[in-house]
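Structure at a glance
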Amino acid sequence: RPARATTSGQRLYEHALALLAQADQMAESIRALSRAKRALVRLGCVDSFAATIGPQLVRGLIGRLHRVRMCSGLTPDLLAQFQNHQIDLLMATGDASNDAAVARLPLFTEHYLVALPRDFPLRRPGGLQELARSLPFMNYSLRSTIGRQIDGYLRARHTDIEQAYEFDATDPLLGLVREGLGFALTTPLCLWQSRHHATAVRLLPLSDFHDPGRPPYPPLTRRFHLVHRSGEMGALPQEAADLVRTAVRQLQRDIRATLGLAPDVLAVDS
């Protein structure tokens, strides 16, 4: 007394501890796999992202997920769906949420360009306000983040430009520019989405324009983040962000070859 394990009992006890530890590891591994290979993941992104980078993102997630649902539309609508837990991963621009429980991963940044009719006689140097006197300005709808960003940029420079037309989508906007009916500010993703029009218009950086007595127009950029709820979905948000960055690097090469744009109009963030 007290009772003590025999030599055989001690060996059995040591084997039992090892087996129990392996059983715990097995259970945790299965739970992790179940969390990783979710039944359904809902992605949200603006239309230009869905049309250009969305296919590569979904292709990269196949095999990692049972089902993927991609929703596209205007940023304010997508943000409301994310906040209502109707979207799991959101590819957003600007400040998507001030919620401390929401995490953001940087993806890429694109520079706005001026799209003009190919044969429009452009006098240099000149400003956008001067251009608008002879060619109507066409903007994205002010319901959209991109439309409000462009409008804010022009107003900050005290540029009194009447917005002749507004569009929710790039196709009709660039179609009218192509036909010589106006000019617009747009981004590489939007141009690539509507490249059947983009190859037939003239694309210039904002720095090519300046008002008399003032420096050239400063750059205007649109930065994308992957937004997700902290502590959810394990490593999936980071893996999705890596897939997006890889797709953007390929897109850099494509738009340079097809549209002749400088490589720095689209930059991967890390």
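Residues numbered from 1 in each chain as written. Predicted model: local features only at pLDDT ≥ 70, side-chain atom pairs only at ≥ 80, totals over all residues. Heavy atoms only, no water.

**Digging into the pattern of salt bridges**
For the structure shown, the criterion picks out 10 salt bridges. Across the salt bridge formed by Glu-14 and Arg-11, the nearest N and O atoms sit 4.0 Å from each other. Of this pair, Glu-14 and Arg-11 both sit in helix α1 (residues 7-36), three residues apart, which is roughly one turn of the helix. We classify Arg-11 as exposed; its relative accessible area is 52%. It is possible to trace a salt-bridge network through shared partners that takes in Arg-42, Asp-88, Arg-229 and Glu-232. (Salt bridge = Lys/Arg side-chain N within 4 Å of Asp/Glu carboxyl O. Helix = DSSP H or I, 4+ residues; strand = E, 2+ residues; numbered from the N terminus. Buried < 20%, exposed > 50% of the residue type's maximum accessible area, 1.4 Å probe, protein only.)

**Description of the sheet that holds strand β7 (residues 163-167)**
Within the open sheet, the five strands sit side by side as β7-β6-β8-β5-β9. Their pairing is mixed. On the outer flanks of this sheet lie β7 and β9 (201-205), each paired with one strand and no other. Strand-to-strand twist in this sheet, taken as the mean axis angle between neighbours without regard to direction, amounts to 30 degrees. One ladder, built from four bridges, connects strand β6 (residues 137-140) with β7; its direction is parallel. Across the sheet, residue Tyr-140 finds its bridge partner in β7, namely Phe-167. Contacting β5 (113-117), β6, β7, β8 (183-186) and β9, helix α7 (residues 170-178) runs over the sheet at an angle of about 170 degrees to β6. (Pairing = 2+ DSSP bridges. Axes fitted to C-alpha atoms, helices over the stretch in contact; angles between N-to-C directions. Contact = heavy atoms within 4.5 Å.)

**Some details on the environment of Tyr-13**
For Tyr-13, the location among the structural elements is in helix α1. Between the C-alpha atoms of Tyr-13 and Arg-67, which are 54 residues apart in sequence, the distance is 45 Å.

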